[in-house]
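An overview of the molecular structure
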Amino acid sequence: MVWWPVGASLFASNIGSVHFVGIAGTGAAAGIAIGGFEWNALVVVLFLGWLFVPIYIKAGVVTMPEYLKKRFGGQRIRIYLSVLSIFLYIFTKISADMYAGAIFINQALGLNIYLAVVILLLITALYTVTGGLAAVIYTDTLQTIIMVVGSFILTGFAFNEVGGYENLKDRYMTAIPSVVGVNISEECYTPRADSFHIFRDPITGDLPWPGMVFGLTIQATWYFCADQVIVQRCLSAKNLSHVKAGCILCGYLKLLPMFLMVFPGMISRVLYTDEIACVDPAECNYYCGTSVGCSNIAYPKLVLDLMPNGLRGLMLSVMLASLMSSLTSIFNSASTLFTIDIYTKIRPKAKEKELMIAGRVFMLFLIGVSIAWIPIVQSAQSGQLFEYTQSITSYLAPPIAAVFILAIFWKRVTEPGAFYGLFIGLLVGLARMISEFAYGTGSCINPSNCPMIICGVHYLYFTLIVFGLSCIVIVTISLMTKPIDEKHLHRLCWSLRNSTEERIDLEADDWTNDQDSDSMQTEEVRKDPSCWKKAYNWFCGFDQGDAPKLTKEQEAELNMKLTDTTEKPLWRNVVNANAIILLVVCVFFHGFFG
């Protein structure tokens, strides 16, 4: 892939309907600070292109668990990470995305939320199953264009309706619902005094600034630099300059959500105060079917009420496109993780066709579990969808971020250190996550009775605690165990990234050796397939012919090309200069809205 589809696909895979519904909803409820999440990610995307992807390319890996296996040897870390990544997909991505898309369809067409989910899934599954990664990346690119154009038009309509930015600042602070119920604290329905600041008080702020700067960076490092969905797009790029240019394009696009989602969400609260800002459970149930609050309908409401016919249809397709692009990316990556890292342990000699079918059946299982999880998503974090996804990530992702950062930048890390760091970090994160679900996250009117010692720490601070604890465990156990010999680490960590010596893998690859075309040949006697068979193969994305058998020299040459990170000096300077400009723009925005 060249740089622009890579950048567009990075953005589209990340920005799903959870962002349109969730970020706009949190903006309506609490002001602009939530936009800082996207601007923080902009910096981390540059880490991805400049620090992480060069190592992954030189290592010659396809999945993130595969990198850890080459780096540490053994199976347990690889399997652990695959299973945990799949759980994170279910809890934070698939269920939340489906729920967000369903809210939109529910508002637009009045369909039941679960019926809406099923319709969405049928369409999405159809083109993921038939297309594979290339189809997903090209549809992502088209959808990014539609998303950005459509949401720009809506933002124009919204600002025109509210009378510009200064008017928004005045009117938002007085957007209080007319029905507030009895015995409901004033702070539950009055806009926050710091609504127009990104950096908020470290103790009383709903998104405290140290958590936004440091805790969020750790979460984003896992999401953008060590997660299969995002990294897979970068590994599909032509060369390293295209990777970096794709990351810069994604970074510029990440500047937009503040203007295309957060501000429209706040405008929606101004225009439809009684519905979006409702606090009385009976009122909220009436408007959106959820008693904890209706901020999630802020964006759909704006689309349906403000836009003229035609444009409304375009925006509905934008929302469904953003949902589908996220879901297709996740399904594609989750089935890759399952087949390459888990299924091949159960069936080491599985043929390629069997692996493809196993991946598709596994997708159906993922979908079933995710639909069952939707009721939990509906009521968590006062009904604020984006806060829900971020909080779950902050409980489960920091140990993974710790392992990847240390594995790449400190060659002394050993397998036992990495494994026990992951394991102990996971136990601490699960303790918090399970407690929250057991007690409920509560809302402003009915606070949760979860003990302060467990749930009292803000989730962004909790990220820092789990990350710090994981790092301490990893470093301590690594120093107590025998270091990995350098001959196994060439081109797997930063200090040895330019080494030209041959690397001796700690363990041989598992299944690729059994997968040459001779073994495929014996699978069935070759004869011309029938029309039905051809149609079936085309539908499922199976190759119609055999791949040519490569000689050892051709394989070595192909491998050299795949692991090459050289850049032309001109283009290297161009992307470096652009990265600096992007960072300057980012600092300016933080300063202006801070």
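Here the structure is a predicted model, which means the values were calculated and not measured.

Here's the deal with the overall build of the protein
A tally of regular secondary structure across the protein gives 25 helices and zero strands. Its C-alpha radius of gyration of 24 Å places the protein within 12% of the 25 Å reference for a compact globule of 594 residues. Summarising its shape, the C-alpha atoms of the protein cover approximately 75 × 60 × 50 Å along the three principal directions. Scored against the burial criterion, the 594 residues of the protein give a buried share of 56%. By sequence separation, contacts in the protein at least 24 residues apart represent 81% of the contacts at least 6 residues apart. For the protein, the computed accessible surface area is about 24600 Å², with 64% contributed by carbon and sulfur atoms.

Points about the packing of helix 2 (residues 17-30) against helix 11 (residues 257-271)
At a minimum axis distance of 7 Å, the contact between helix 2 and helix 11 shows a crossing angle of 55°. The orientation of helix 2 with respect to helix 11, classified from their angle, is oblique. Relative to helix 11, the crossing made by helix 2 is right-handed. Here His19, Phe20, Ile23, Ala24, Gly27, Ala28 and Ala29 of helix 2 come into contact with helix 11, specifically with Met261, Val262, Gly265, Met266 and Arg269.

Regarding the nonpolar core
By size, the foremost hydrophobic cluster in this structure holds 172 residues, and its most contacted members are Tyr56, Tyr67 and Leu168. With 18 residues, the top contributor of residues to this core is helix 5 (residues 76-109). Those residues within four positions of Tyr56 in sequence are excluded, and the remaining contacts are Val61, Met64, Tyr67, Cys225, Ala226, Val231, Leu235, Phe404 and Ile408.

What to know about the state of the cysteines
Using the criterion set out here, one finds three disulfides in the structure. Each sulfur in the disulfide pair Cys288 and Cys294 lies 2.1 Å from the other. When the S-S torsion is -85°, as for the bridge of Cys288 with Cys294, the disulfide is left-handed. Judged by relative accessible area, which is 18%, Cys288 ranks as buried.

Let's talk about the environment of Gln232
By secondary structure assignment, the location of Gln232 is in helix 9 (residues 228-235). For Gln232, a relative accessible area of 10% puts it in the buried group. When the C-alpha positions of Gln232 and Met64 are compared, they lie 8.9 Å apart, and in sequence the two are 168 residues distant.

Notes on the pattern of salt bridges
One pass over the full model with this rule turns up 15 salt bridges. Here Asp194 makes a salt bridge to Arg200, at a shortest N to O gap of 3.8 Å. Two residues, Arg200 and Asp206, come together in a salt bridge whose shortest N-O distance is 2.8 Å. Classification of Arg200 as buried rests on a relative accessible area of 2%.

Focus: the environment of Ser317
The residue Ser317 is located in helix 15 (residues 311-346) in this model. Its relative accessible area of 35% is what places Ser317 among the partly exposed residues. In the structure, Ser317 is positioned 119 residues away from Ile198 in sequence and 31 Å away in space, judged by C-alpha atoms.

Some details on helix 19 (residues 415-439)
Spanning 25 residues, helix 19 covers 36 Å between terminal C-alpha atoms, matching the ideal 36 Å at 1.5 Å per step. Immediately downstream of helix 19, the backbone of Gly440 shows phi near 85°, a positive value.

Concerning the packing of aromatic side chains
As enumerated under the stated definition, the model contains 33 aromatic pairs in all. A ring pair is formed by Tyr67 and Phe404, whose centres lie 6.1 Å apart and whose planes are at 20°; its orientation type is stacked. With Tyr67 in helix 4 (residues 64-72) and Phe404 in helix 18 (residues 398-409), the pair connects residues that are 337 residues apart, well separated along the chain. For the residue pair Tyr67 and Phe404, the accessibility class agrees, reading buried in each case. Seen in terms of ring centroids, Tyr223 and Phe224 are 4.9 Å apart; in terms of plane orientation they differ by 75°. Their pairing is edge-to-face. By the burial criterion, Tyr223 is buried, and Phe224 matches it. The rings of Trp39, Phe159, Tyr165, Tyr172, Phe196, Phe259, Phe263, Phe588, Phe589, Phe592 and Phe593 are connected pair by pair, giving a single aromatic cluster. Arg269 extends its terminal NZ or CZ atom over the ring of Tyr172, reaching a point 5.5 Å from the ring centre.

Observations concerning the confidence of the model for the protein
Mean pLDDT over the protein stands at 84; residues scoring 70 or higher make up 90%. Taken element by element, the protein is modelled with least confidence in helix 22 (residues 517-521), mean pLDDT 41, and with most confidence in helix 21 (residues 459-480), mean pLDDT 96.

Here's the deal with the side chain of Lys301
Turning to its location among the elements, Lys301 is positioned in helix 14 (residues 298-306). On the basis of relative accessible area, Lys301 is assigned to the buried category, the value being 13%. Excluding anything up to four places from it in sequence, Lys301 contacts Ser268, Tyr272, Glu275 and Ile276.

Some thoughts on a nonpolar patch on the surface
A cluster of nonpolar side chains, Leu115, Val118, Ile119, Leu122 and Ile123, forms an exposed patch at the surface whose accessible area comes to about 440 Å². Mapped onto the elements, Leu122 comes out in helix 6 (residues 113-162).

Here we look at unusual backbone geometry
Backbone phi values are negative for most residues with the exception of glycine, while trans is the configuration of most peptide bonds. Not every positive phi belongs to a glycine, and Arg491 is a case in point at roughly 65°. As for its placement among the helices and strands, Arg491 is situated in the loop between helix 21 and helix 22.

Quick notes on the packing of helix 8 (residues 209-225) against helix 21
Orientation of helix 8 relative to helix 21, taken along the N-to-C sense of each, is 55°, at an axis distance of 8 Å. One way to sum up the angle between helix 8 and helix 21 is to call them oblique. In this structure, helix 8 meets helix 21 at a crossing whose hand is left-handed. Only Tyr459, Leu460, Tyr461, Thr463, Leu464 and Phe467 of helix 21 make contact with helix 8, whose side of the interface consists of Pro210, Gly211, Met212, Phe214, Gly215, Leu216, Ile218 and Gln219. Residue composition of the contact of helix 8 with helix 21, by class: ten nonpolar, four polar and no charged.

Structural notes on the environment of Lys93
Looking at the element boundaries, Lys93 is found in helix 5. With relative accessibility at 9%, the residue Lys93 sits in the buried group. Residues in contact with Lys93, not counting those within four places in the same chain, are Leu88, Trp222, Tyr223, Asp227, Val229 and Ile330. At 2.7 Å, the side chain of Lys93 forms a polar contact with the side chain of Asp227.

Re helix 4
The buried fraction of helix 4 is high, at nine of nine residues. Downstream of helix 4 by a residue or two, Gly73 has a phi angle that is positive, lying close to 75°.

The rules we used
Residues numbered from 1 in each chain as written. Predicted model: local features only at pLDDT ≥ 70, side-chain atom pairs only at ≥ 80, totals over all residues. Heavy atoms only, no water. Helix = DSSP H or I, 4+ residues; strand = E, 2+ residues; numbered from the N terminus. Rg over C-alpha atoms; globule rule 2.2 N^0.38 Å. Buried < 20%, exposed > 50% of the residue type's maximum accessible area, 1.4 Å probe, protein only. Contact = heavy atoms within 4.5 Å. Areas by Shrake-Rupley, 256 points an atom, 1.4 Å probe, with all protein chains shown as cover. Axes fitted to C-alpha atoms, helices over the stretch in contact; angles between N-to-C directions. Parallel < 35°, antiparallel > 145°, perpendicular 65-115°, else oblique. Left-handed = near helix turned anticlockwise from the far one by under 90°. Core = buried A, V, L, I, M, F, W, Y, C linked by side-chain atoms within 4.5 Å. Disulfide = S-S within 2.5 Å. Salt bridge = Lys/Arg side-chain N within 4 Å of Asp/Glu carboxyl O. Expected span 1.5 Å × (residues − 1). Phe/Tyr/Trp six-rings, centres within 6.5 Å; stacked < 30°, edge-to-face > 60°. Lys NZ or Arg CZ within 6 Å of the ring centre and 35° of its normal. pLDDT = per-residue confidence, 0-100. Patch = residues over 30% accessible without salt bridge, like charges linked within 9 Å, V, L, I, M, F, W, Y side chains within 5 Å. Nonpolar A, V, L, I, M, F, W, Y, C, P; charged D, E, K, R; others polar. Polar contact = N/O pair within 3.5 Å; in protein donor to acceptor, adjacent residues only side chain to side chain.

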